[in-house]
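If you want the building blocks of each chain, they are given just below.
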Amino acid sequence: MSERHYLRPVGFVDAPFGLDGKVARLAGGLVWFSAVEIATVAGGRVAGLELVPIPDAEAAAERRGLAQAWRNLLAARPPLTLGERVVRLDQPQTVGIVNATPDSFSDGGRFAGAGTAAEAGHRMCAAGAAIVEVGGESTRPGAKPVWEGDEVERVAPVIASLAASGNAVAVDTRKAAVMEAALAAGAAMVNDVSALTFDERAAGVVAKAGCPIVLMHHLGTPETMQAAPAYDQPVLFAVYDWLAERIAAAEAAGIARARIVVDPGIGFGKTVQHNLQLLNGLALLHGLGCPLMLGASRKRMIGALSGEAAPDERLAGSIALAMKGAEQGVQLLRVHDVPETVQALRVWRGLRDAALAPG
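Chemist: Help me understand the packing of aromatic side chains, please; the structure alone is not making it clear to me.
Modeler: By convention here, two paired aromatic rings are described through the distance between centres and the angle between planes. Per the stated rule, a full pass over the model turns up 3 aromatic pairs. When the centroid spacing of 6.4 Å and the interplanar angle of 80 degrees are considered together, the rings of Phe33 and Trp70 count as edge-to-face. Note that Phe33 is positioned in strand 3 (residues 32-42) and Trp70 in helix 2 (residues 67-74), a separation of 37 residues in sequence. The buried category is assigned to Trp70, whose relative accessible area is 8%.

Listed below in structure tokens is the structure:
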């Protein structure tokens, strides 16, 4: 029976002072950890767990063939360059979601018109969003594909308006033609929920543009992904392995690793239990060596855990999940409610800064 090993930072502490040699800094950010958990997976289940303190972590990682994962946990993530804007990844940043669609699960088509959508994006940037992301195709469970021409018509004018004001703009799409049109309109980043598997031309478009790309884990398609999703091993490790494969495929297509961001795909082919397991183990994904994006805002799991609250009544749950991500070193938080999330992050950052101040 073959075994695989995985390395997850645990034992997070508020500050490193007085703990020299006993804690390590996670991915160059504002989070320190005091131990690693080495999980052994065999036969589709966790066959063993070993908790190793930081002084012994490097040697233990090497014994398990995890030396590169250990180095990835410690390596600072370089900033992302989006046009003329530089987004630092040494602290959590917000990515504001603008759904220029008539059938979004989260906002019911409130921003379906180009002018309304652009105004929403400008407000998000003014409220502190580092990036604003524009999408023209709903990928909610059960959603039907949108013709690429309609998708371009929805997103291009919104992107052009936002980019003209100097904002860092991303496009949320699976289609190469939409990527090309969006990049021409001023987008400087692509978020592909299919991780470049939907359109065979997509990887080439991204490689040629030299822009950052978000590779998101998914199971199936939006039409089928929530039809009894199941995995042949614990979901956290299945997502890790799948993302590692997609990173390798993107690099083979000519996309530099420094421009790759990964997303565990909360709600994309996962039960509520799957989502909770992923959120509890997010820090494992830093071992891939890429920045992490978390998109848990207003997701169905919040409603499932809170009396079936409607999407527009899930702000508190969304903030709770965003903070869970920040505590585990997630660099990019993809959210609908930018002012509230920015405020929560500023308070979190204030707490960290106070903890970091000696004396």
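Chemist: I'm lost on the pairing of strand 3 in this one. Help?
Modeler: In summary, the side chains of a regular strand alternate between the two faces of the sheet. Burial runs high along strand 3: 10 of the 11 residues are buried. Relative to strand 3, strand 2 (residues 24-25) runs antiparallel, the two being bridged by 2 bridges. Counterpart to Ala24 in the pairing with strand 3 is Phe33. One ladder, built from 8 bridges, connects strand 3 with strand 4 (residues 45-53); its direction is antiparallel. Its bridge partner lying in strand 4, Val41 is registered against Val46. Here strand 3 folds back onto strand 4, and the loop between the two strands holds 2 residues, one of which, Gly43, carries a positive phi near 60 degrees.

Chemist: Is there a simple way to explain the state of the cysteines in this structure?
Modeler: By definition, a disulfide links two cysteine residues through a covalent bond between their sulfur atoms. Per the counting criterion, the structure on display carries 0 disulfides. Here Cys211 is not disulfide-linked; the sulfur of Cys290 is the nearest cysteine sulfur, at 15 Å. Relative accessible area serves as the criterion here: at 5%, Cys211 is assigned to the buried category. Taking the relative accessible area as the measure of exposure, Cys290 reaches 0% and is therefore buried.

Chemist: Would you mind going over the side chain of Arg352 with me for this structure?
Modeler: By secondary structure assignment, the location of Arg352 is in helix 11 (residues 338-356). Residue Arg352 is classed as buried on the basis of its relative accessible area, which comes to 10%. With residues up to four places along the chain from it excluded, the contact list for Arg352 reads Val13, Asp14, Leu30, Val31 and Trp32.

Chemist: What is the right way to look at helix 5 (residues 176-185) in this model?
Modeler: Residues separated by three or four positions in an α-helix point in the same direction, a consequence of the helix having 3.6 residues per turn. Among all positions in helix 5, only Ala176, Val178, Met179, Ala182 and Leu183 are buried. Along helix 5, the residues classed as buried sweep out an arc of 155 degrees about the axis, all on the same side. Each element contacted by the buried residues of helix 5 is listed here: helix 4 (148-164), strand 9 (169-172), strand 10 (189-192) and helix 6 (202-209). Directly after helix 5, the chain includes Gly186, whose backbone phi takes a positive value near 125 degrees.

Chemist: Looking at this structure, how should I read the pattern of salt bridges?
Modeler: Here the idea is simple: oppositely charged side chains can pair when their charged atoms come close. The full count for this structure, using the stated rule, is 14 salt bridges. The closest approach of N and O atoms between Glu50 and Arg64, which form a salt bridge, is 2.8 Å. One end of the pair, Glu50, is in strand 4; the other, Arg64, is in the loop between helix 1 (54-63) and helix 2, and 14 residues separate them in sequence.

Chemist: Any chance you could explain the packing of helix 5 against helix 6 here in plain terms?
Modeler: A packed helix pair is summarised by two numbers, namely the angle formed by the two axes and the spacing between the axes. At a minimum axis separation of 8 Å, helix 5 and helix 6 run at an interaxial angle of 20 degrees. One way to sum up the angle between helix 5 and helix 6 is to call them roughly parallel. Remark: the crossing between helix 5 and helix 6 carries right-handed chirality. On helix 6, the residues that touch Ala176, Met179, Glu180 and Leu183 of helix 5 are Ala202, Val205, Val206 and Ala209. Considering only residue class, the contact of helix 5 with helix 6 consists of 7 nonpolar, no polar and 1 charged.

Chemist: Hey, could you run me through the environment of Ala188 in this one?
Modeler: If you trace the backbone, Ala188 turns up in the loop between helix 5 and strand 10. The buried category is assigned to Ala188, whose relative accessible area is 13%. Taking the C-alpha atoms as reference points, Ala188 and Tyr231, 43 residues apart in sequence, are found 34 Å from one another.

Chemist: How should I be thinking about the sheet that holds strand 12 (residues 260-263) in this particular structure?
Modeler: The strands making up a sheet are joined through hydrogen bonds of the backbone, oriented either antiparallel or parallel. An order of 12-11-10-9-8-7-14-13 is seen for the 8 strands of this open sheet, with the pairing classed as parallel. Each edge of the open sheet carries a strand with a single partner, namely strand 12 and strand 13 (293-294). Pairing of strand 7 (residues 93-99) with strand 14 (residues 332-335) involves 4 bridges; the strand directions are parallel. Residue pairing for strand 14: Val95 is matched across the bridge by Arg334. Here helix 3 (residues 114-126) sits on the sheet in contact with strand 7 and strand 8 (131-135), set at roughly 170 degrees to strand 7.

Chemist: Help me understand the pairing of strand 8, please; the structure alone is not making it clear to me.
Modeler: For strand 8, the tally of buried residues reaches 5 of 5 residues, placing the bulk of the element in the interior. Alternating residues of strand 8 divide into Ile131, Glu133 and Gly135 and Val132 and Val134, and every residue in both groups is buried. In this structure, strand 7 lies alongside strand 8, joined through 5 bridges in parallel fashion. Within strand 8, the position partnered with Val95 by the bridge is Ile131. Crossover connection from strand 8 via helix 4 to parallel strand 9: handedness right-handed.

Scoring rules and cut-offs
- Residues numbered from 1 in each chain as written.
- Predicted model: local features only at pLDDT ≥ 70, side-chain atom pairs only at ≥ 80, totals over all residues.
- Heavy atoms only, no water.
- Phe/Tyr/Trp six-rings, centres within 6.5 Å; stacked < 30°, edge-to-face > 60°.
- Helix = DSSP H or I, 4+ residues; strand = E, 2+ residues; numbered from the N terminus.
- Buried < 20%, exposed > 50% of the residue type's maximum accessible area, 1.4 Å probe, protein only.
- Pairing = 2+ DSSP bridges.
- Disulfide = S-S within 2.5 Å.
- Contact = heavy atoms within 4.5 Å.
- Arc of directions from axis to C-beta.
- Salt bridge = Lys/Arg side-chain N within 4 Å of Asp/Glu carboxyl O.
- Axes fitted to C-alpha atoms, helices over the stretch in contact; angles between N-to-C directions.
- Parallel < 35°, antiparallel > 145°, perpendicular 65-115°, else oblique.
- Left-handed = near helix turned anticlockwise from the far one by under 90°.
- Nonpolar A, V, L, I, M, F, W, Y, C, P; charged D, E, K, R; others polar.
- Right-handed = clockwise from strand over helix to strand, strands pointing away.

Note that all results are geometric; they support no functional claim without further evidence.
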